[in-house]
Structures are given as C-alpha cells and as structure tokens.
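Understanding the architecture of this molecule
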Amino acid sequence: MRVHVKFGLTRATAGVAVGGLALAAGVAVGDAPASATPATSVVVNEVYGGGGNSGATYTNDFVELTNRSGAAVSLDGWSVQYHSGGATGTWQVTALGGSLAPGGFYLIGEAKGAGGTQALPETQATGTIAMSATAGTIALVQGTTALTCADSAACQSASTDLVGYGTAVLNETAPAAGASNTASVQRKDAADSDDNSADFGGADPTPGAANTVGGGGGGGGGEPGPLRIHDIQGAGWLSPQDGQHVTNVPGIVTAIRSAGSSRGYWIQDPAPDADPATSEGVFVFTSSPGVAVGDSVLVTGTVKDYYPLASGDTLPATSNLSVTEIGGPSVSVLSHGNALPAAEVITPDTVPAAYAPDLGGGDIESTPVTPARSALDFWESREGMRVEVDDARVVGPSNSFGEQYVTTKPAQTPTYRGGTELLAENAVPSGRVEVVPADGSDPGVSVGDVFQGATAGPVDYSLFGGYTIAATQVGAVQHKNLPPIVATPQDAGQLAVATYNVENLAPGDPATKYARLAQGIVTNLARPDIVAVEEVQDNTGATDDGVVAADQTLTKLTAAITAAGGPKYDWREIDPVNDQDGGQPGGNIRVVFLFNPARVSFVDRGAASVNRSTTPTSVERVHGRPALSLSPGRIDPASTAWNSSRKPLAGEFLFRNKPVFVIANHFASKLGDQNADGRYQYPAQSSAVQRASQAKEVHDFVGQILKKDLLADVVVLGDLNDYQFSPALAALRTGSTSGRGLPILTDLISTLPRDERYTYVYDGISEVLDHILVSPLVRGVRYQVVHVNAEYTGQTSDHDPQVLRLTP
C-alpha cells in the first residue's frame, strides 16, 4: 500500500533482473567429492536429531537434502553419514538412491523415538541412525563406504557437504547453533560458504518443505508468483487474500524484528502499483527470520489479518485493527545488499487533520481505505512500508515497553511544554505517531526532546497507540531537559489542598519510589496542608491474602516525607472490603487523606464501632452548620455506582477554626472502552456510564452540603479518570445551588490557559484525568498542575499531582 517509489536494485554478479528483483542464474554441475570450495549442487538442507524426544512434534530424526542446480542429480550410490561429533567414534551410513529434481527436497528418515505426535511426511530414503538432538555431524558422500576421517579438514575433503551442529568437532569452519529436541538446523539461503555457523540456523523442523530460516528449496532461483504485495494488501482494511496460500511474493527485506512475541521481518515491493490505497509493504511472521536487510526475496506462506489482543480481548469482538501478515513462510533469498525502497518523508501537511472518521460507531474495516480521509486511513495505506519523520518532537516519553511518541504536526494542539493535547471528545491529535526502535533499544526520551535528523522504518500497528514506526533509523536525541514544576507555597492564611495518584503504592516498592514521591510532595507541591492520595495498596500489596489494612504503606510514605524535610503528616482512610474496590487484584487500593496537624485539624465524627467500609456518611446540621455523620466517611458505598470501584472518602477539616469539606475520589477506569486507535469510530465508551453515575452521587452529596450552607467551602478532587469535557465532569458541575444560578462546582483545570490543561500523558496524548473542583463561593483560589511525572521517562507515577490554594 502506499508510497509508490521505484528504486534501482544492485544486480547479483551471476543474476538478471526479473520483475524488478535480482534473480540468481541457475547452474547444473555435479559436486566433486573434495569440497574445499563451497558446494554448488546437492547440499544438506536441514538436520534434525530431536525426533521422538521430549517435547518433539515429529517422531523421527531426519536429514533433508536439496538440489540448488538447474538439472536433476542422480543419488544412486550416494549416502548420508552420521558421526556423534566427538573426538572419537565411527561413522554410520544410510544409503540413498533415485533422483533429486532441481529445487526439490530429498527426505531421509532416521531412528524413531518414544515421543512425538506426528510422523514424517513421505521419505525418499530411510535409516536407523539415532542422532543426537544437540550435537553431531552429517556428511553427504558420493559413496556408501563408511568414512574413517577424524578431523574436519579430512572429512570435508571426503564429502560433498559436511554439517556439524551443536558442539560437534567435525564441521565446516564452526558448527551450526540452535539444534534441540524441538528445533532443527536449517540452511539459511542458497549460498554455501563452508561455514556451518553462518549457513545454518535453528528453527522449527520443516521436513520435506522449504526452510523457515531462509533459502533451501529452489536454491537461489525462482520466478515471482502471480501476486505482488499490493495484491495481498488490497484497497481495503482486510486482505482479499486472508487465509490463502501465496507463492513467491517478491520484495526487499527492509527491517527485521528479532525480539518480542511477534518476530519476523518486513518486505517491500520496489515495483508499486498506481493505487494510493494499496500498500507495497507486508510483515512476514516467523520466529527465525534467517534473512538480512537488503535481501531480495521470494516469500511463500499463508496470508493472515492478525489482530493484536489485550488481556480479556477476544475475536471477533476486538476493537483493534489488524495487521496483514504472511505466516508459516518459506523464503528464497535471491541476492544480498540491495538498496532499500526510499522512505516516504512525512511532513506536517502529509497526514490528514482528522485522526479518524465519524462512522457513528461503525466498523472502519467495512469502508474502503481512503488515505485523504483520516490519519487511520493514511497509515493503513502505508502498512509495512518505509516512512521517515525528520526532526520529530517527542510528545510521549519512553516507557518500559520500548515505546515513545512523536508528532508529525508540531503546530497541532501543542502544550506549553511540548506535548500534543486532547481538547475535545474524539479529537485525537492526528500528528501523533508511535516510534519503537526495531532493535529494541531505549532512546530514553521525554516530552519536548527532539529526534534530530531522520527517524525511519516500516509502518506497524500496536493495540497501544495505534500505528507505529518500527524504526530502523532513529534520529540523534536532543534533550530539552524539561524542568519539573515547583508550586508556589501557600502563605499563612491560605489552605493548600493537593491530589496525587501514587500508582499502586505498596510496602514492597523500592525505597527510591517512596523518596521520589516524598520529594514531589515536599518540594514540588510545596508541603500542602492536605493531600488526597490515590492508589494506596494494602500492607501486602498485590498478594491476594485478605489483608486490607494499609498502615505499613502509609507509615513508609509519611516517614519518607519527613526524611525529605516535610511535615509529619497524619492520615485518615477507610479500609475497603477485601477485593471489592477494583484495581490491581489483591492490592485493595484506596484513597487516603494526608494532613499536616500543625496547620489543619481533622474533625473525627461517628462512633469507632461503626463499620465505615459499608456504612454511608450523610450530611447533618450541627450548630446551624453542615456536618458529616461520619468523618472520615464514604459516600453511599452500597450504591451500584461504586461496584468494583473506589468509594469516595469525605472528611471535615478545620483551618484557622473554619470548616472545609474535602471529598477525595478515584472513579472507575476506562477499561472496557473500545480502542480509540481501532476499528470502531467513534469508539464506544462503555465505562463512561459508571463514571457519570459516580459523578451524580458526588454531585448530589455536595448539593446536600450547600443546601445547608451555600457559603460552605467544598473541595472535590482526585483521579476522576475522565476528561474535562466528559459526561462525568458535566454531571459534577451542572445544576445550580439553592436557585441562585451558580454552578454547584467549578472544575479548575478549565480555568487554565488551553495549552496547560493536562495532568496525564497517555500514548503520546496530553490529557486530563485528575481534577480539583470547588464550590461556588470558595475564595482566593490559586491552582497549579505540577508536572513531575507524566512527561518524563523513568516516571515515579503515571499521574501529575496538582494543588489548590484557597482562603476559607
């Protein structure tokens, strides 16, 4: 699909260009027994000694030959011989016969073991040699008399081809690696270099078929098959060849992915068609690539539209997009060192302004690929093809999965610190694209850094972040060294209230995490008087053992704060019912109030005998003022709105003898929503319903306080897991107080300049999940988002804290 750039190929010395690809000319000569020079005709193609062993699929050992020449070769009077590979021992012989056609295979079955589940396909010769799975030597001999050689040089001279594997002392140059009970050693390509370690690689056995590591079968020749890559990709989102076997698909290897669960390589056709919707690149899925970048290849295999699945995701329900692949491949390497197809340079105007089309929730895969319609269409039309982004600014930091994000549109919704911002529902910045170095390296970048020069590679797709550049070239990193924000300290008459999601804080976390969180609270948040802390785990962390208390976690956190020069915070919290509040299984995350008793008092209300985990707090009138029946207390914990989610923690505080009500929250997450980078556009957000219900519960509770005192100071804060323009936040804000026409709550993030409205960076998008809201008559409001985590690689938490200063 995509960038239709033609390029010149370097022709092989003994080859001709056919269909735009260099093809090696065939030769039909017999090999002399003395093989001090590389073999040119019949060669050992594959050796497997694990047959019938534990874990094996095949019941028998085998040796496979192939004919690289252009003429049939008679094997009458030939043999394959096996040596245990040690310094001593004798050669065992299996006689051969018959003829081996050009490009054909000759399978020799050997001893059968007790294991395995599958017999070999039809063999052309059989023997009874019990071969070692991990170390041995095979000699192909024009004769049937057992060899007597005992060193590599003599054995190489006495045989047509010699293959040692594992620790075999008899070999060509060095033994091949990778043999085991479940893996054979297979010839990588047609060129025999007389170096077993270079010519062979380990892979799943392929008796009687072309090797998965490259070459073997057809030698260095062959004609392109009837289909090109653009025929396989087609003009739609799904391949018209899905599930079909394709033969000799031509291409140039442009990149190799040798790590992770999805290994393989990309090929691109240097002879594109004229359709902008059809890609000219495709991924070849194999655990043993056996090819090199620049190889001209013919790939045979089965086409599949592969859907990456998250935990709990299933087919066909997944909302992710697919990647077209060729699986179960065999490959003929025609030539090496060819020039790669030129990468398409992506400029700020290349990608459409819209990220995705509005299909009313419909499946984009049911529509044609229209590159000018949206970013999703654009990248799909280039799936597997080489692209290049120059001087790309980082908008999402490096993470532990090797991902980082850049923008191809530097002027599109930029944040004041260099990110790219989400400013409306379904308004994903279309310039954002993921970058994953193909070699697995970690560039260690943060928001605002720049990859100077070219970052280039084939286009891939990830269920986290959407379309990706699998970068074979990464620009030099220019670090911006973005300074962390430091909040303005409160003065004596101001109350400072902060919120901080500490990301599954548990006693077993390293001391460095506690120290960095403490530094963030003491220095960057400037010692707030009250801190609502989210995601505090119980005393045994993620161990699901029934423990719900979190005093050890909180003792470590408050001690770290004191060690960092901060106040000696006290705390209030309510242990959840075991495994009822969601989050990491066993962790029993909860929200907690930390407070500085030298500056603010906590008003404890309610009998100690009350089970506060399940008993709701309510708003009463005490001495003419609103008061909580339970402080700390939970808002309606039995409501279905809080199923498998954290219950809000409400508390009364006194600052300079003036009451302040604080409600700490951690709303339900977005798990279960359709992928914003996926098939259904715009995506359904099933989780939004619960958050809207939760917001309504908190809204009504605040309304009860204000009904008793319109002047009450109420702060609602925490990780609300939703955007400032979401239904949940609308439910919190809407409605007036006592008919006065005042909104019940003001969301302070919306009072900031537009380019400062974010607390979180998700898949390269700066967005709002954390909020502080205040009741209508709160005075002296000063508000800051304190960026210390989300924009940085090596972050302590994935959330940025924020702080409010007010004058009660």
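Definitions and cut-offs
The numbers attached to residues start from 1 for each chain and follow its sequence in the written order. Reporting in this predicted model follows two pLDDT cut-offs: at least 70 for local features of residues, and 80 or more for side-chain atom pairs to be given and counted; totals over whole chains, interfaces and linings ignore these cut-offs and use all residues. Heavy atoms throughout the structure, all of them, feed into the side-chain values; hydrogens and water do not. Helix and strand assignments follow DSSP, with helices taken as H or I runs no shorter than four residues and strands as E runs no shorter than two, numbered in order from the N terminus. Every helix has an expected span of 1.5 Å times one less than the residues it contains. Classification of residues uses two cut-offs on accessible area relative to the type maximum, computed with a 1.4 Å probe and protein chains only: under 20% is buried, over 50% is exposed, and between them is partly exposed. Two residues qualify as a contact provided that any one of their heavy atoms is within 4.5 Å of a heavy atom in the partner residue. Pairing between strands is defined by DSSP: at least two bridges between the two strands are required. A pair is scored as a salt bridge if a Lys or Arg side-chain nitrogen falls within 4 Å of a carboxyl oxygen belonging to Asp or Glu. For this count, His and the chain ends are skipped, Lys and Arg are scored as positive, and Asp and Glu as negative. Definitions used throughout: a 1 Å grid over protein atoms alone; a cavity as a set of points that fits a 1.4 Å probe which cannot get out; a pocket as an open set with protein on both sides within 12 Å along at least five of seven lines; a lining residue as one with an atom within 4 Å of a point. Grid points are joined across faces, edges and corners, and a volume is the space filled by probe spheres set on the points. Only Asp, Glu, Lys and Arg are considered charged, only Ala, Val, Leu, Ile, Met, Phe, Trp, Tyr, Cys and Pro nonpolar, and every remaining residue, Gly among them, polar. Fitted lines through C-alpha atoms serve as axes, helices being fitted only where they are in contact, and the angles separating the N-to-C directions of these axes extend from 0 to 180 degrees. By definition in this entry, angles of less than 35 degrees are roughly parallel, angles greater than 145 are roughly antiparallel, angles of 65 to 115 are roughly perpendicular, and the rest are oblique. Rotating anticlockwise by less than a right angle from the far helix to the near helix defines a left-handed crossing, while the corresponding clockwise rotation defines a right-handed one.

**Structural notes on helix α5 (residues 511–524)**
- With 14 residues, α5 should cover 20 Å at 1.5 Å per step; its first-to-last C-alpha distance of 19 Å lies within 8% of that length.
- Of the residues making up α5, those classed as buried are K513, Y514, L517, A518, G520, I521, V522 and N524.
- Of the surrounding secondary structure, the elements contacted by the buried residues of α5 are β28 (495–505), β29 (530–536) and α6 (551–563).
- A positive phi of about 60° marks A526, the residue just after α5.

**Quick notes on the sheet that holds strand β13 (residues 184–187)**
- The strand order across the open sheet formed by six strands is β10-β9-β4-β3-β13-β14, and the pairing between neighbours is mixed. Edge positions in the sheet fall to β10 (125–126) and β14 (200–203), since each of these pairs with one other strand and no more.
- As defined by bridge partners, β13 adjoins β14 across four bridges and the pair is classed as antiparallel. By the bridge assignment, R187 is partnered in β14 with F200.

**Description of the pattern of salt bridges**
- Enumeration according to the criterion identifies 21 salt bridges in this entry.
- The closest approach of N and O atoms between D377 and R373, which form a salt bridge, is 2.8 Å.
- The shortest N-O distance in the salt bridge between E573 and R590 comes to 3.0 Å. Note that E573 is positioned in the loop between β30 (570–572) and β31 (590–595) and R590 in strand β31, a separation of 17 residues in sequence. Neither residue differs from the other here; E573 and R590 are each classed as buried.

**Observations regarding the pairing of strand β25 (residues 450–462)**
- The buried fraction of β25 is high, at eleven of 13 residues.
- For strand β22 (residues 386–396) and β25, the ladder comprises seven bridges, and the chain directions are antiparallel. Opposite D390, over in β25, you have A454 as the bridge partner.
- Relative to strand β27 (residues 476–478), β25 runs antiparallel, the two sharing three bridges. Among the inter-strand pairings, V450 is bridged to a residue of β27, identified as Q478.

**Focus: the side chain of D295**
- By the secondary structure assignment, D295 is in the loop between β17 (281–285) and β18 (296–306).
- In this structure, D295 is buried with no salt-bridge partner, the nearest side chain bearing the opposite charge being K188 at 9.9 Å.
- Those residues within four positions of D295 in sequence are excluded, and the remaining contacts are G251, I252, V253, V333, S335, H336, G337 and N338.

**Some thoughts on the pairing of strand β23 (residues 404–407)**
- Side chains of β23 alternate between two faces, with Q404 and V406 and Y405 and T407 buried alike.
- The pairing of β22 with β23 spans three bridges and is antiparallel. Each bridged residue has a counterpart across the sheet, and for R393 the counterpart in β23 is T407.
- Across four bridges, β23 lies against strand β24 (residues 432–437) in antiparallel orientation. For Y405, the partnering residue across the bridge sits in β24 and is E434.

**Here's the deal with empty space enclosed by the protein**
- This model, assessed by the stated rule, comprises three cavities of 30 Å³ or more.
- Every residue lining the largest cavity is listed: I574, D581, R590, V591, R634, R646, K647, P648 and L649.
- Its boundaries defined by the atoms lining it, the second largest cavity holds a volume of some 40 Å³.
- Forming the boundary of the second largest cavity are Y355, W379, R432, V433, G465 and Y467.
- By residue class, the composition of the lining of the second largest cavity is four nonpolar, one polar and one charged.

**Some remarks on helix α7 (residues 688–708)**
- Over its 21 residues, α7 extends 31 Å from the first C-alpha to the last, a length consistent with the 30 Å expected when each residue adds 1.5 Å.
- Residues of α7 that are buried include every one of A688, R691, Q694, A695, E697, V698, H699, F701, V702, I705 and L706, and no others.

**Looking at the packing of α5 against α6**
- Axis separation between α5 and α6 bottoms out at 8 Å; the angle between their running directions is 55°. It follows that α5 is oblique to α6 by the angle criterion. Note that α5 runs across α6; the crossing there is right-handed. Packed against α5, whose contacting residues are Y514, L517, A518, I521 and V522, the element α6 presents T553, K556, L557, A560 and I561 at the interface.
- Classifying every residue of the contact of α5 with α6 gives eight nonpolar, one polar and one charged.

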